[in-house]
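Analysis of the macromolecular model
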Amino acid sequence: MSPDLSSARQKAFVSPSRLVGRVLVAFVLAWAVAHFLTLGSSGWGPGNRHDAMIFGQMIAVAAFPIMGLLAFGAWKRLTGPVIVACVACLAGLATLIHL
Amino acid sequence: MIVLCSVLWIVSLSVQAVSEPRMLRIARREAVAPALTVRLMRWVSLVGLLLCLYQRPSTALFVWLGSFSIATVVVALGWAWRYRGVQRVRRTGGGS
Amino acid sequence: MIQDRLRTRMGWLHAWSGFVFGLLLVCIFASGTIAVFDTELTRWLQPEVPPSATALTDEALEETLPTIRKLLERDEKPFITLPSERDPILRVQYHDGHEFLNIPFDPGTGQELAARATVGGTFFYDLHYSLRNGDTGIIFVTFSGLMLLIVLGSGIIIHLKELIPDLLVLRPFSARLRAWLDVHVLASVPFLPFAFMMAYTGTFLHTRSILPPVSYLASINAAITPVAVRAESPALQKEKTVVPALPPLSPLLHDAEKVVRAGQVGFILFLPKNILISRTDASGPARTREHVDFSYDGHFIRHVLLTTPLTRTQQVMEGIHYVRWGGAGMRWLYFISGLATTIMIGSGLVLFLMKRRRLSGGRVIFRLAEGLTVSVLVGFPLACSGFFWGNRLLSGGSEQRTQEEVTVFFLIWAASAVWGMGGCLMKWRVQVWRSELGLLAVLSALLGPLDLLTRSGGTVFHTPTVFAAVDLIALCVAAVAFQIARRLA
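Quick caveat: nothing in here was measured; it's all calculated off a predicted structure.

Definitions and limits used
- Residues numbered from 1 in each chain as written.
- Chains lettered and ligands numbered in written order.
- Predicted model: local features only at pLDDT ≥ 70, side-chain atom pairs only at ≥ 80, totals over all residues.
- Heavy atoms only, no water.
- pLDDT = per-residue confidence, 0-100.
- Helix = DSSP H or I, 4+ residues; strand = E, 2+ residues; numbered from the N terminus.
- Axes fitted to C-alpha atoms, helices over the stretch in contact; angles between N-to-C directions.
- Parallel < 35°, antiparallel > 145°, perpendicular 65-115°, else oblique.
- Contact = heavy atoms within 4.5 Å.
- Nonpolar A, V, L, I, M, F, W, Y, C, P; charged D, E, K, R; others polar.
- Polar contact = N/O pair within 3.5 Å; in protein donor to acceptor, adjacent residues only side chain to side chain.
- Buried area = accessible area lost by both parts, 1.4 Å probe.
- Salt bridge = Lys/Arg side-chain N within 4 Å of Asp/Glu carboxyl O.
- Expected span 1.5 Å × (residues − 1).
- Pairing = 2+ DSSP bridges.

Let us now look at the confidence of the model for chain A. When pLDDT drops low, the exact placement of atoms in the prediction is not to be read closely. Of the residues in chain A, 86% have a pLDDT of 70 or more, and the chain-wide mean is 86. By mean pLDDT, the top-scoring element of chain A is helix 4 (residues 79-94) of chain A (95), and the lowest-scoring one is helix 1 (residues 3-11) of chain A (57).

Residue and element names in this part refer to chain C. At a closest axis distance of 10 Å, the pairing of helix 8 (residues 192-205) and helix 14 (residues 327-360) adopts a crossing angle of 90°. By the angle class used here, helix 8 and helix 14 are roughly perpendicular. Packed against helix 8, whose contacting residues are F194, A195, M197 and M198, the element helix 14 presents Y334, S337, G338 and T341 at the interface. Residues that form the contact of helix 8 with helix 14 fall into these classes: five nonpolar, three polar and no charged.

This part is about the side chain of T118 of chain C. All names here are of chain C. Within the secondary structure layout, T118 lies in the loop between strand 4 (100-105) and helix 5 (122-130). Looking at T118, its side chain comes within polar contact range of the main-chain nitrogen of G120, at 3.0 Å. Of the polar contacts made by the side chain of T118, one reaches the side chain of E405; its length is 2.9 Å.

Taken residue by residue, the interface counts 28 residues in chain B and 25 residues in chain C. Taken together, both faces of the contact between chain B and chain C bury some 2400 Å²; the carbon and sulfur share is 76%. Across the chain B-chain C interface, the total number found is zero salt bridges. Here the side of chain B that touches chain C gets 16 residues from one element, more than from any other, and that element is helix 5 (residues 57-82) of chain B. When its residues are assigned to classes, the side of chain B that touches chain C shows 15 nonpolar, seven polar and six charged.

For the rest of this paragraph, the subject is helix 7 (residues 176-188) of chain C. For helix 7 of chain C, spanning 13 residues, the distance from its first C-alpha to its last is 18 Å, which sits close to the expected 18 Å at 1.5 Å a residue. Elements in contact with the buried residues of helix 7 of chain C: helix 5 of chain B together with helix 1 (6-35), helix 6 (134-159), helix 8 and helix 14 of chain C.

On to the interface of chain C and chain A. On the side of chain A, 32 residues touch chain C, which itself brings 35 residues to the contact. Here chain C packs against chain A, burying approximately 3100 Å² in sum over the two surfaces, 75% of which is carbon and sulfur. Considering only the side of chain C, the residues that lose the most area to chain A are R9, L211 and L310 of chain C, jointly responsible for 19% of the buried surface there. At the boundary of chain C with chain A, the tally comes to zero salt bridges. Applying the counting criterion to the chain C and chain A interface returns six residue pairs in polar contact (both at pLDDT 80 or more). Going through the elements one at a time, strand 1 (2-3), helix 1, helix 6, helix 8, helix 9 (207-210) and helix 13 (309-322) of chain C are the ones with two or more residues in the side of chain C that touches chain A. Per-element accounting of the side of chain C that touches chain A gives the leading share, eight residues, to helix 6 of chain C. Residue composition of the side of chain C that touches chain A, grouped by class: 22 nonpolar, ten polar and three charged. As paired strands, strand 1 (residues 13-14) of chain A and strand 1 of chain C are joined by two bridges and run antiparallel to one another. Bridge pairing in strand 1 of chain C places F13 of chain A opposite Q3 of chain C.

Below, the structure written as structure tokens:
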């Protein structure tokens with residue numbers, strides 16, 4: 001077997017310990033998105049802050065699994081983690097907004 | 001209404017099962033092109049949705065989807081029961 | 001090594017997260033499924049209370065006031081639940097920190113009905129949302145709900161291509177792994193809307209416990225501070241509650257009915273400063289908790305109904321999770337769907353073990369995992385069955401009776417877990433499954449006869465619906481447990 005083929009085949013496999021690492025990264029990123037959404041949402045409602053917070057929680061609960069699966073599933077070229085990290089950054093920055 | 005909706009779903013899903021190649025393979029049955037009226041029966045469950053909406057709009061979707069779930073289990077159990085002999089024969093044949 | 005493809009990655013995530021959280025989720029879903037009929041179960045658990053009663057009278061309502069006063073003096077927040085389609089009895093209830101305990105009254109005469117003290121169906125409700133562990137339990141349950149969304153999502157991704165063709169496939173007589181896989185798919189795919197809805201709304205109900213709207217440091221600080229303040233001022237705790245004179249309730253009820261419509265009042269809650277007359281949760285999918293407030297001197301204070309679009313959405317989400325509306329048919333739909341979801345998680349646990357038995361069956365960690373699986377899949381229903389037996393066999397006079405019922409439940413569960421894990425560690429796998437399933441079959445099958453023997457005036461051919469339903473479901477559980485035990489290799 002040529003070394004190129006062998007390395008390509010090795011690349012096509014992943015060890016469970018690496019997958020655990022990926023799960024942890026995906027979890028942290030998705031959790032950051034959900035946390036920033038709930039944290040910032042109360043400042044986004046110009047009128048009733050309670051309503052805005054409830055809305056933030058609704059989005060956060062839906063966003064967590066989507067972000068988690070995206071970060072873990074689209075690992076090739078780190079597309080998923082990068083996208084989720086960007087969303088987390090945006091959500092983090094949005095916590096500074098107070099309407 | 002739940003019972004009526006379930007019956008309509010059972011009819012609809014049974015017609016779907018009869019025209020599904022995978023289900024026919026399990027039953028070792030030949031695929032036959034169903035008649036137009038039979039094919040139309042697939043959509044009979046929509047009548048159930050309309051009846052649910054007419055009777056009580058607030059619960060319509062819940063009743064319709066819930067009866068779909070129950071009907072699926074009923075049809076799957078019925079199909080398995082009907083063709084259990086075929087599966088047993090296949091299993092014995094595979095084992096020998 | 002695992003192939004680095006989307007489906008295999010998701011399969012790995014589905015299997016491991018499904019197993020780890022599935023052990024807890026089985027208990028959450030099973031208790032939630034039972035809690036759908038919590039009110040009806042309370043009636044089964046208090047067989048002394050007649051199954052039907054006359055309509056509510058104003059006099060009966062006034063007769064509950066001395067009991068209310070006693071509870072207020074004990075610093076409880078009592079409330080009266082009015083007779084309804086689900087429960088024709090007038091009940092005074094209060095929360096003991098875990099369950100809602102109740103004192104039944106005849107709605108016609110107002111006479112207190114001599115019934116055994118029981119934690120009732122709300123025991124399963126408390127177990128469902130907090131694992132009977134207060135805030136810590138709520139955090140665990142909510143987090144598991146969030147993880148269930150991930151497990152469901154990954155399950156859909158790995159099964160996306162065969163979602164429709166496999167919808168009706170069930171081959172119970174084929175190879176065992178194939179048969180269990182079919183059961184898993186059949187219990188999941190058609191019930192996905194239900195599973196998603198319950199996981200999402202259930203997690204949303206207590207999002208605050210895991211995703212607080214303040215930074216984690218601040219919320220930890222807030223959790224600690226009130227305790228410190230209380231510790232510094234013990235004098236505050238010793239202050240005796242002064243209960244004001246209670247006003248006649250029927251005029252207040254009739255006034256409230258003018259606002260929320262006649263027959264729409266669910267309960268009357270007694271708070272330290274005022275009396276709340278609240279709309280029943282059975283009035284519609286939105287759990288509005290609309291209430292009319294009165295002072296203790298009988299004056300109208302305010303009418304509260306939150307109507308902003310987001311609050312309405314929140315109310316609907318709560319309403320469709322609690323399913324206190326829509327009648328008995330809707331509750332049966334929820335019950336069957338909850339049962340299917342429990343089977344989905346349970347069959348997932350069994351599949352996880354089956355797939356790994358050949359390679360890792362001898363390892364201690366595997367045997368421990370199998371022991372845990374037996375403890376939740378069989379041990380939990382066994383404990384539930386034992387709870388019903390305990391309710392009927394424990395003596396009625398004891399003051400600690402409610403606590404004894406709970407102790408019976410947890411003792412049986414603990415014994416089942418010890419035997420399950422110990423037996424699996426000793427490589428008595430088949431014996432463990434068989435013995436626990438056999439015991440479950442016996443206890444459940446004999447629940448009906450026990451009910452007939454311990455319920456006054458009980459006959460086989462004239463059994464009120466709530467009693468018949470519980471006895472028949474127990475019989476079904478016995479039949480399933482017996483069949484599985486029989487088919488075990």
